[in-house]
Amino acid sequence: MDDVIERAVMRVIESMQENLGEQLTIDDMARTAMFSKFHFSRVFQRVTGLSPGRFLSAVRLREAKRLLATTSLSITNISHQVGYSSVGTFSSRFTHSVGLPPSKYRQHMSITAQALQAGRDAPPATTTMTLSGTVTSPLEDQPVFTGLFPDQILEGRPVSYTVISRPGPYLLENVPEGRWHLIAQSVAAGREDAIHHPPPGDDALCIARSGPIVVGSDGGVQHADIRLKPMSSFDPPVLLALRDLLSSANGHGS
């Protein structure tokens, strides 16, 4: 990838992180990147997999997760600190992305396996597929979450997921018809808080994305191997709360 483009995108991501309470526009970000607005939007999505607006929203919500987990600030104050003028809008977007309302996230600090299980228990679509493969990861003895999502960001309810106790074979069943992105994540032991911060530059948080995987009307079985790598600043922030789900799998199969 062109170093000039990478440096430009990195300047914008750093600006997002430093100005979360400001109303950053596409024009502002394009000026920071020193590109035209239209060229900037294209290259940003090519580098990160998300539009600048979606990426900024994810950075804001990651910081909101950290503040809810580590401070006693009110939800109203937190919403303003991360750039939302409306608490209702903030709560709605947080709930959609993380899987719990802000108050429940603060209380539980994670989404439970039962909450995700509700997605599994829904009636299957008429046409479904099974997806299998092998996960490899630098974190050889840590649990790995693997799921299918509508977009290239780990947020909301996966259409199918599994948690394996360590890297190796995985199986996703009852995958409905559609166009899905395969995302896997693993966190180093004792480094769970890395999820609340920009990537630390080590193996604390590893992630992989693959796709899109298209499930057609013929269903059947598909195969996709996936290799985790240390998360970089260009990867969209992880929003779905997975701490309990991953912890519950430690030492157990999926």
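Note: the structure precedes this text.
Residues numbered from 1 in each chain as written. Predicted model: local features only at pLDDT ≥ 70, side-chain atom pairs only at ≥ 80, totals over all residues. Heavy atoms only, no water.

Visitor: I keep staring at the overall build of the chain and nothing clicks. Help me out?
Guide: Scanning the chain from N- to C-terminus turns up 9 helices and 9 strands. Sorting the 254 residues of the chain into buried and exposed places 46% on the buried side. In the chain, once contacts between residues fewer than 6 apart in sequence are set aside, the share between residues at least 24 apart is 71%. Of the accessible surface of the chain, which amounts to about 11,800 Å², a share of 48% is contributed by carbon and sulfur atoms. (Helix = DSSP H or I, 4+ residues; strand = E, 2+ residues; numbered from the N terminus. Buried < 20%, exposed > 50% of the residue type's maximum accessible area, 1.4 Å probe, protein only. Contact = heavy atoms within 4.5 Å. Areas by Shrake-Rupley, 256 points an atom, 1.4 Å probe, with all protein chains shown as cover.)

Visitor: Would you explain the pairing of strand E3 (residues 160-164) in this entry?
Guide: Every regular strand shows the same layout, with side chains that alternate between the two sheet faces. With 5 of 5 residues buried, E3 lies mostly within the body of the structure. Of the two faces of E3, the one lined by Ser160, Thr162 and Ile164 and the one lined by Tyr161 and Val163 are each fully buried. The pairing of strand E2 (residues 144-149) with E3 spans 5 bridges and is classified as antiparallel. Counterpart to Phe145 in the pairing with E3 is Val163. (Pairing = 2+ DSSP bridges.)

Visitor: Which parts of the structure should I look at to understand the packing of helix H2 (residues 26-33) against helix H3 (residues 37-48)?
Guide: Between two packed helices, what matters for the description is the angle formed by their axes and the separation of those axes. It is at 9 Å that the axes of H2 and H3 come closest, and there the two elements cross at 80°. Classified by the angle between their axes, H2 and H3 sit roughly perpendicular to one another. Counted together, Ile26, Asp27, Met29, Ala30 and Ala33 of H2 and Lys37, Phe40 and Ser41 of H3 form the full contact between these two elements. Considering only residue class, the contact of H2 with H3 consists of 5 nonpolar, 1 polar and 2 charged. (Axes fitted to C-alpha atoms, helices over the stretch in contact; angles between N-to-C directions. Parallel < 35°, antiparallel > 145°, perpendicular 65-115°, else oblique. Nonpolar A, V, L, I, M, F, W, Y, C, P; charged D, E, K, R; others polar.)

Visitor: I keep staring at the pattern of salt bridges and nothing clicks. Help me out?
Guide: A pair can form between side chains of opposite charge whenever their charged atoms are brought close. Per the stated rule, a full pass over the model turns up 9 salt bridges. Among the salt bridges present, the one from Glu63 reaches Arg66, with a minimum N-O distance of 2.8 Å. Here Arg66 and Glu63 lie together in helix H4 (residues 52-70), a separation of 3 residues that amounts to about one turn. Asp202 is paired through a salt bridge with Arg191; the nearest N and O atoms lie 3.1 Å apart. Here Asp202 is found in the loop between strand E5 (178-187) and strand E6 (205-215), whereas its partner Arg191 is found in the loop between E5 and E6, with 11 residues between them in sequence. For Asp202, a relative accessible area of 29% puts it in the partly exposed group. Relative accessible area serves as the criterion here: at 34%, Arg191 is assigned to the partly exposed category. (Salt bridge = Lys/Arg side-chain N within 4 Å of Asp/Glu carboxyl O.)

Visitor: Please clarify how the environment of Pro200 should be interpreted in this entry.
Guide: Here Pro200 is to be found in the loop between E5 and E6. Exposure remark for Pro200: the relative accessible area of 42% places this residue in the partly exposed category. For the pair formed by Pro200 and Met231, sequence separation is 31 residues and the distance between their alpha carbons is 8.3 Å.

Visitor: What exactly am I supposed to notice about the packing of aromatic side chains here?
Guide: Each aromatic ring pair is specified by the distance between its two centres and by the angle formed by the two planes. Going through the model one piece at a time under the given rule, you end up with 7 aromatic pairs. Here the aromatic rings of Phe44 and Phe55 are separated by 5.4 Å at their centres, their planes lie at 85°, and the arrangement is edge-to-face. Residue Phe44 is found in helix H3, and its partner Phe55 is found in helix H4; the two are separated by 11 residues along the sequence. Judged on exposure class, the residue Phe44 and its partner Phe55 are both buried. (Phe/Tyr/Trp six-rings, centres within 6.5 Å; stacked < 30°, edge-to-face > 60°.)

Visitor: Could you clarify how one ought to interpret the environment of Gln107 in this entry?
Guide: Residue placement: Gln107 occurs in helix H7 (residues 102-108). Between the C-alpha atom of Gln107 and that of Ala69, which follows or precedes it by 38 residues, the distance is 8.6 Å.

Visitor: What's the story with unusual backbone geometry in this structure? I'm lost.
Guide: Note: most residues except glycine have negative phi, and most peptide bonds are trans. A cis geometry characterises the amide bond from Gly211 onward to Pro212, with omega recorded as 5°. Considering the arrangement of structural elements, one finds Pro212 in strand E6. For Met34, which is not a glycine, the phi torsion comes out positive at approximately 65°. Along the polypeptide, Met34 turns up in the loop between H2 and H3.

Visitor: What should I look at first to understand the nonpolar core in this one?
Guide: Within soluble globular proteins, side chains that are nonpolar tend to cluster in buried spots. Core analysis: the biggest nonpolar cluster contains 36 residues, and Met16, Phe44, Phe90 and Phe94 have the highest contact counts within it. Only helix H1 (3-18), H2, H3, H4 and helix H6 (87-98) provide two or more residues apiece to this core. Examining the composition of this core, we find that 8 residues originate from one element, H4, more than from any other. Dropping the residues within four chain positions of it, Phe90 is found in contact with Leu61, Ala64, Ile75, Ile78, Ser79, Val82, Tyr84 and Pro102. (Core = buried A, V, L, I, M, F, W, Y, C linked by side-chain atoms within 4.5 Å.)

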